[in-house]
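# Remarks on the overall topology
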Amino acid sequence: MAPAVALPVLVALVALVAPGLGAAPGCDHPAHRWCRSRDTAVACQVQSRCPSLPRPAAAPVELSLYYESLCPACREFLVLELFPTWLLLPEEMLNITLVPYGNAQERNVSGKWDFQCQHGPEECLGNMMEACLMHEAKNFSTYFPVIFCLESGSSVTKNLEACLQIYAPEVDSGRIIACMQGDTGVALMHHNAQLTEALDPPHQYVPWITINGKHTDELQAQAEASLLGLVCHLYQGKKPEACGGSKAPKISPGCRR
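Residues numbered from 1 in each chain as written. Predicted model: local features only at pLDDT ≥ 70, side-chain atom pairs only at ≥ 80, totals over all residues. Heavy atoms only, no water.

In terms of regular secondary structure, the protein is built from 9 helices and 7 strands. Taking all 257 residues of the protein together, 45% fall into the buried category. Counting contacts in the protein only where the partners sit at least 6 residues apart, residues at least 24 apart contribute 65% of the total. As displayed, the protein has an accessible area near 14,000 Å², and 55% of this comes from carbon and sulfur atoms. (Helix = DSSP H or I, 4+ residues; strand = E, 2+ residues; numbered from the N terminus. Buried < 20%, exposed > 50% of the residue type's maximum accessible area, 1.4 Å probe, protein only. Contact = heavy atoms within 4.5 Å. Areas by Shrake-Rupley, 256 points an atom, 1.4 Å probe, with all protein chains shown as cover.)

What follows concerns the state of the cysteines. As enumerated under the stated definition, the model contains 6 disulfides in all. The partner cysteine of C35 in its disulfide is C50, sulfur to sulfur 2.0 Å. Its S-S torsion of about -70° marks the bond between C35 and C50 as left-handed, since a negative value means left-handed. Separated by 15 residues along the polypeptide, C35 in the loop between α1 (7-17) and α2 (38-43) and C50 in the loop between α2 and β1 (61-67) bring together distant segments of the chain. The two residues C35 and C50 agree in class, both being buried. Residue pairing for C232: its cysteine sulfur links by disulfide to C243, the two sulfurs lying 2.1 Å apart. A torsion of -85° about the S-S bond marks the disulfide between C232 and C243 as left-handed. Of this pair, C232 sits in helix α9 (residues 217-234) while C243 sits in the loop between α9 and β7 (255-256); the two residues are 11 residues apart in sequence, bridging distant segments of the chain. (Disulfide = S-S within 2.5 Å.)

We now examine the pairing of strand β2 (residues 94-100). The buried fraction of β2 amounts to 5 of the 7 residues, a majority that puts the element mostly inside the structure. The sheet contact formed by β1 and β2 spans 7 bridges and is parallel. The residue bridging V61 from the neighbouring strand is L94, located in β2. Remark: the β1/helix α3 (residues 72-88)/β2 crossover connection has right-handed handedness. (Pairing = 2+ DSSP bridges. Right-handed = clockwise from strand over helix to strand, strands pointing away.)

Here the focus is the side chain of E136. By the element assignment, E136 lies in helix α4 (residues 121-137). There is a polar contact of 2.9 Å between the side chain of E136 and the side chain of R175. In this view, E136 contacts R175, I176 and C179; residues no more than four positions away in its chain are not counted. (Polar contact = N/O pair within 3.5 Å; in protein donor to acceptor, adjacent residues only side chain to side chain.)

Moving on: the packing of aromatic side chains. Using the criterion set out here, one finds 9 aromatic pairs in the structure. Ring centres 5.3 Å apart and planes at 70° place the aromatic pair F83 and F144 in the edge-to-face group. In this pair, F83 sits in helix α3 while F144 sits in helix α5 (residues 140-152), placing the two residues 61 residues apart along the sequence. Like F144, F83 is buried. (Phe/Tyr/Trp six-rings, centres within 6.5 Å; stacked < 30°, edge-to-face > 60°.)

What follows is the structure, given as C-alpha cells:
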C-alpha cells in the first residue's frame, strides 16, 4: 500500500507540478504552509484545498427591540418571546439590544431635555429605570433577567428592589436611583430618543423589531409569531436542540404612535 501523504505536502506538490493551480498572485507564503491557518489559506486563495481548516464561527443574529416599559404588546413580546428565546439559545447565537423609549417625545426646555411618554409619567419613569439598570449593570446576562422580572410583574416601577434581590443582588439599587434622579438618566433617555428617531424606516408602532439591522413587515410578523423559529432559521452555524421548538402564543397588536 502506498504511504500516506500529508495534506500540506500534497498541496505543495500540486503547486509545483501544476503552476496554474497555485496560490493567488502576491501570496508570500511557501506552499507547505498554505493550510497551516485560515488567514494564510484566505490570503493565498486556497481554502477549497484545505478541508481540515476549522470553519469560522457563525455570526450571531442581531436583534434590537425598540419598546416602551408600559406598552402591553411590548411587555408580552419581551416576556413571552424574547426572554424564553434568549434562555433556550447559546449566547453566541443571539445578540440582543434593548432600547426603552418607544413612542415617547422629547423637547428641550431651557437647555434641559424633557420627556413625554405614551402611557404617562410612570412609563417615562419605567423607561429611565431600565435604561439606568442597563447602564449600571452593564452585563446583558445580569440586567435582562431583572428587566424580565419588572415587565412580567404587577408594577414595572415599584418592583426594582425585589427583582434585583432575586436576579442580581450584586447590583446596587442606590446607583440606579441616583442615575434616574441625575443627569445620567436624562442623557441615557436622550440617547435612546436619538436611536429611535434614527430608525429607517421610521417606527410606526412598538414593539419595533430589527433583525440584523433591518426591519420589514415580514420579519416583524415572523418574530412575533415564533422568534425562536426565526432565529434558528437565520443562524448560519450549528443549530442546537432547542431549534426544534414550537411556535409561541399569539401576540397582541402593538402600541401605535
